[in-house]
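Observations on chain architecture
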Amino acid sequence: MIPADETFDGTWPYEPHFFEGNGFRQHYIDERGGEEGAEDVIVCLHGEPTWGYLYRNFIPRLRKLGRVIVPDHMGFGKSETPQDKDYSIREHSDNLEALLLDLDARNITFVMQDWGGSIGASFAVRHPERIKCLCICNTYAPWARIPTDGKFPTPEHKWFNWVQTDQYEPTLLNLGATVLSVMKRIGFERTAHVDETWVRAYAGPFPTPESCRGALQFPRNITDPKTFEFFQELAEEHDVEVLKTIPAMCIHGEEDRAMPARYTVFRFKSIWPNGPVVTLPGVGHFVQEDAPETVTALIEQFVQINNPPVDAFSEPSRAWNEGDRWTKAK
């Protein structure tokens, strides 16, 4: 766990906040921005093996849209790594639910990457009335259809195939020294920007094998029966079709070695056939690192399209941009 006051040479200057309602100390940042009275909430969710630092270049721009909340999942960043937890997707999803309900977050735009996609989508299915938009970055919703032209994993899923080798566990239990190579293996292309501060920030949560517990389990959750049981349970208790009613966009780095673009775009389109898709050449799994300027601009545009100024109409309402003109939502 990274010390609460660590800023990594000023590259992570945000005030730390902590929530203990899930039985461990969970870190998050809560940055207020936007125009006075703005109610939009942008929630940014990381995946494997990163933490909120992944969004350091997003926060200043997204803060113009409203309140920005960036949690660290259990076992990552400045959050604690309890040794008595399973680190299942159910636990991570329950943790996020409790945190966002405690913060009474509403009108949420999720920016989701890697396992953040399944965790965020689970919250959206449980609480669709709190969701405004979904920005899906190199991930997918778990209830999306799978392509039928090949079994998972295919040779394209290089990260998943490597996870099955004998190198996986010793490498992940030594993330304090291997985090850069692991991220490159998953799909990180902008390595020229790596410096000593960058390495300290991403290696910081993992000084011992015990501190790597969450990162070790995330890839194992891909095939863990508990993961599928949780998603099936949600589908039985909630209407997962509600996702189709939430505006969503897909941004995908084409050099992703964990989630190939063909696979991920197919799954996105199976839920949102008319949702916008942008694939970025030369960009890997970590779009926040490889193309932060492009991705934040796309997110900002998408949020604004789904939230035009209220004075555009005679009365406040949600709207959708149809063609080149604003149309009042029916």
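As a convention, each chain's residues are numbered from 1 in the sequence order in which they are written. pLDDT decides what is reported in this predicted model: residues at 70 or higher carry local features, side-chain atom pairs at 80 or more are listed and counted, and totals for whole chains, interfaces and linings draw on all residues regardless. Computation of side-chain values: all heavy atoms of the structure, hydrogens and water removed.

**Quick look at the overall build of the chain**
What counts here: Secondary structure elements follow DSSP: runs of H or I no shorter than four residues count as helices, runs of E no shorter than two count as strands, and numbering proceeds from the N terminus. The globule rule is 2.2 Å times the number of residues to the power 0.38, and the radius of gyration it is compared with is taken over C-alpha atoms. Buried, partly exposed and exposed residues are distinguished by accessible area as a fraction of the type maximum, computed with a 1.4 Å probe on protein chains only: under 20%, between the cut-offs, and over 50%, respectively. Any pair of residues with heavy atoms lying within 4.5 Å of one another is described as a contacting pair. In these tables, accessible area is a Shrake-Rupley quantity obtained with a 1.4 Å probe, and a residue counts as shielded only by the protein chains included in the view. Counting rule for charge: Lys and Arg are taken as positive, Asp and Glu as negative, and neither His nor the chain ends is counted. Where a charge lies is defined by one atom per residue type, namely NZ (Lys), CZ (Arg), CG (Asp) and CD (Glu).
The secondary structure content of the chain amounts to twelve helices and ten strands. Its C-alpha atoms give the chain a radius of gyration of 19 Å, within 12% of the compact-globule value 20 Å for 330 residues. Each principal axis of the C-alpha distribution contributes one length, and for the chain these read about 60 × 50 × 40 Å. Within the chain, the proportion of its 330 residues that are buried is 55%. The contacts of the chain with a sequence gap of at least 6 include a subset with a gap of at least 24, amounting to 75%. Roughly 14200 Å² of accessible area belongs to the chain as shown, and the carbon and sulfur atoms make up 48% of that amount. Positive and negative side-chain charges of the chain, numbering 33 and 49 respectively, have mean locations separated by a distance of 4 Å.

**What to know about the pattern of salt bridges**
In plain terms, the rule: Definition used for salt bridges: Asp or Glu carboxyl oxygen within 4 Å of a side-chain nitrogen of Lys or Arg.
Evaluation of the coordinates by the stated rule reveals 19 salt bridges. We note a salt bridge from Asp104 to Arg106, for which the minimum N-O separation is 3.1 Å. In this structure Asp104 comes out as partly exposed when scored by relative accessible area, which is 40%. On the basis of relative accessible area, Arg106 is assigned to the partly exposed category, the value being 42%. For Arg257, the salt bridge identified is with Glu189, shortest N-O distance 2.8 Å. Note that Arg257 is positioned in the loop between β7 (248-253) and α10 (261-271) and Glu189 in the loop between α6 (175-186) and α7 (196-203), a separation of 68 residues in sequence. Arg257 sits in the partly exposed class, given a relative accessible area of 22%. Each of Asp9, Glu196 and Arg200 takes part in salt bridges that share partners, so that together they form one network.

**Describing the packing of helix α3 (residues 116-126) against helix α9 (residues 225-237)**
Here is the rule: Only the contacting stretch of a helix is used when fitting its axis, a line to C-alpha atoms as for every element, and angles between N-to-C directions run 0 to 180 degrees. An angle below 35 degrees is read as roughly parallel, one above 145 as roughly antiparallel, one from 65 to 115 as roughly perpendicular, and any other as oblique. Note: crossing handedness is left-handed where the near helix turns anticlockwise from the far helix by less than a right angle, and right-handed where it turns clockwise. Gly counts as polar in this scheme, as do all residues outside two lists: the nonpolar Ala, Val, Leu, Ile, Met, Phe, Trp, Tyr, Cys and Pro, and the charged Asp, Glu, Lys and Arg.
One can describe the packing of α3 onto α9 by two numbers: an axis separation of 10 Å at closest approach and a directional angle of 20 degrees. Judged by the angle between their axes, α3 and α9 are roughly parallel. Between α3 and α9 lies a crossing of left-handed hand. Contacts from Ser118, Ser122 and Arg126 in α3 reach Phe230, Phe231 and Leu234 in α9. In the contact of α3 with α9, the residues fall into three nonpolar, two polar and one charged.

**Observations regarding the packing of helix α2 (residues 89-102) against α9**
At a minimum axis distance of 8 Å, the contact between α2 and α9 shows a crossing angle of 50 degrees. Classified by the angle between their axes, α2 and α9 sit oblique to one another. In contact with Ile89, Arg90 and Ser93 of α2, α9 contributes Thr227, Phe230, Phe231 and Glu233. Per-class residue counts for the contact of α2 with α9 are three nonpolar, two polar and two charged.

**Topic: the confidence of the model for the chain**
Going by this rule: Confidence of the prediction at every residue is given by pLDDT, a number between 0 and 100.
Here the chain averages 90 in pLDDT, while 90% of its residues score no lower than 70. Taken together, the stretch residues 310-330 has pLDDT below 50 and engages in 32 contacts with residues farther than four places along the chain or on a different chain.

**With respect to the side chain of Asp114**
The following threshold applies: Polar contact criterion, stated in full: a pair of N or O atoms within 3.5 Å, where within protein one must be able to donate a hydrogen and the other to accept it, and residues adjacent in sequence count only if both atoms are side-chain atoms.
The topology assignment puts Asp114 in the loop between β5 (108-113) and α3. No salt bridge forms around the buried Asp114; measuring N to O, its nearest opposite-charge neighbour Arg257 is 12 Å away. One polar contact links Asp114 to His285, side chain to side chain, over a distance of 2.7 Å. Setting aside residues up to four positions removed in sequence, Asp114 forms contacts with Gly47, Glu48, Cys137, Asn138, Thr139, Met259 and His285.

**Description of the packing of aromatic side chains**
Note the threshold: Each aromatic pair joins two rings of Phe, Tyr and Trp (for Trp, the six-membered one) with centres within 6.5 Å, and gets the label stacked for planes under 30 degrees apart, edge-to-face for over 60, and tilted for any other angle. Two thresholds decide whether a charge sits over a ring: the Lys NZ or Arg CZ must be within 6 Å of the ring centre and within 35 degrees of the ring normal.
On inspection of all chains with the given rule, the structure shows 20 aromatic pairs. On the basis of an interplanar angle of 90 degrees and a centroid distance of 6.2 Å, the ring pair of Phe76 and Phe206 is categorised as edge-to-face. Taken together, the residues span a long stretch of sequence, with Phe76 in the loop between β4 (67-71) and α2 and Phe206 in the loop between α7 and α8 (213-220) at a distance of 130 residues. Look at Phe206 and you get buried, because its relative accessible area is 3%. Taken together, Phe8, Trp12, Tyr14, Trp51, Tyr53, Phe188, Trp198 and Tyr202 form an aromatic cluster joined through their ring pairs. Its end group placed over the ring of Phe18, Arg25 keeps NZ or CZ at 3.6 Å from the ring centre. One Lys or Arg, Arg267, reaches over the ring of Tyr140 and ends 4.1 Å from the middle of that ring.

**A short note on the environment of Ser181**
When you line up the elements, Ser181 lands in helix α6. Sequence separation between Ser181 and Thr171 is ten residues; the distance between their C-alpha atoms is 9.4 Å. A distance of 2.8 Å separates the side chain of Ser181 from the backbone oxygen of Thr178, its partner in a polar contact.

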